[in-house]
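# Inside the fold
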Amino acid sequence: MTANWLVYALAGAGLIGIGLYGFLVRRHLLRRLLAFNVIGSGIFILFGATGYRAPVVGTDPVPQALIITGIVVALSLTALAVALVARHADETNGPLLPEDRD
């Protein structure tokens, strides 16, 4: 039977791969921001899976504290990035970067 931490680690790696694909393929800035957040969520899950020690000992509290702090920071930076994308879209009449326009 597969260990639980391995399932979480593989799920985190899958989220990182999906987010990286979306970040590289999509041109729309909000979709890139969403893909970047998916990458961050995958990293949080992967990091949480590495904090597992043993059933008797439990999990390491240090990665858990770092993950909670990372989630708070990611939320605030996502709000800032959405505001910047909205301002860029107002200034340039579109949500694309100049090099991504046809």
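Scroll up to find the structure this text is about.
One structure accompanies this document, and this report is about it.

What counts and how
Residues numbered from 1 in each chain as written. Predicted model: local features only at pLDDT ≥ 70, side-chain atom pairs only at ≥ 80, totals over all residues. Heavy atoms only, no water. Helix = DSSP H or I, 4+ residues; strand = E, 2+ residues; numbered from the N terminus. Rg over C-alpha atoms; globule rule 2.2 N^0.38 Å. Buried < 20%, exposed > 50% of the residue type's maximum accessible area, 1.4 Å probe, protein only. Phe/Tyr/Trp six-rings, centres within 6.5 Å; stacked < 30°, edge-to-face > 60°. Patch = residues over 30% accessible without salt bridge, like charges linked within 9 Å, V, L, I, M, F, W, Y side chains within 5 Å. Areas by Shrake-Rupley, 256 points an atom, 1.4 Å probe, with all protein chains shown as cover. Salt bridge = Lys/Arg side-chain N within 4 Å of Asp/Glu carboxyl O. Expected span 1.5 Å × (residues − 1). Contact = heavy atoms within 4.5 Å. Axes fitted to C-alpha atoms, helices over the stretch in contact; angles between N-to-C directions. Parallel < 35°, antiparallel > 145°, perpendicular 65-115°, else oblique. Nonpolar A, V, L, I, M, F, W, Y, C, P; charged D, E, K, R; others polar.

## Here we look at the overall build of the protein
The helix and strand tally for the protein stands at three helices and two strands. Listing each helix as α and each strand as β along the protein from the N terminus yields α-α-β-β-α. The C-alpha radius of gyration of the protein comes to 17 Å, more than 25% above the 13 Å expected for a compact globule of 102 residues. Its C-alpha atoms put the protein at 60 × 25 × 15 Å along the principal axes. Out of the 102 residues in the protein, the part that is buried amounts to 19%.

## A closer look at the packing of aromatic side chains
In the structure shown here, the tally under the stated rule is one aromatic pair. Pairing F23 with F36 gives two aromatic rings, centres 6.0 Å apart and planes at 50°, and the pair type is tilted. Taken as a pair, F23 in helix 1 (residues 4-25) and F36 in helix 2 (residues 29-50) lie far apart in primary sequence, 13 residues in all. Classification of F23 as partly exposed rests on a relative accessible area of 34%. Given the relative accessible area of 52%, F36 is considered exposed.

## Some thoughts on a nonpolar patch on the surface
Among the surface-exposed residues, L20, Y21, F23, L24, V25 and F36 lie close enough to one another that they form a single nonpolar patch of about 640 Å² accessible area. Ranked by residues supplied to the nonpolar patch, first place goes to helix 1 with five residues.

## Section: helix 3 (residues 61-92)
Here helix 3 contains 32 residues, and its C-alpha end-to-end distance of 46 Å stays within 8% of the 46 Å for a straight helix at 1.5 Å per residue. Within the sequence span of helix 3, burial applies to P63, I67, G70, T78 and V85. Lining the buried residues of helix 3 we find helix 2.

## Quick look at the packing of helix 2 against helix 3
Packing of helix 2 against helix 3 brings their axes to within 11 Å, and their N-to-C directions diverge by 175°. Looking at the two axes, helix 2 sits roughly antiparallel to helix 3. Listed contacts from helix 3 to L29, L30, L33, N37, F44, F47 and G48 of helix 2 are P63, L66, I67, G70, I71, A74, T78, A81, V82, V85 and H88. In terms of residue class, the contact of helix 2 with helix 3 is made up of 13 nonpolar, five polar and no charged.

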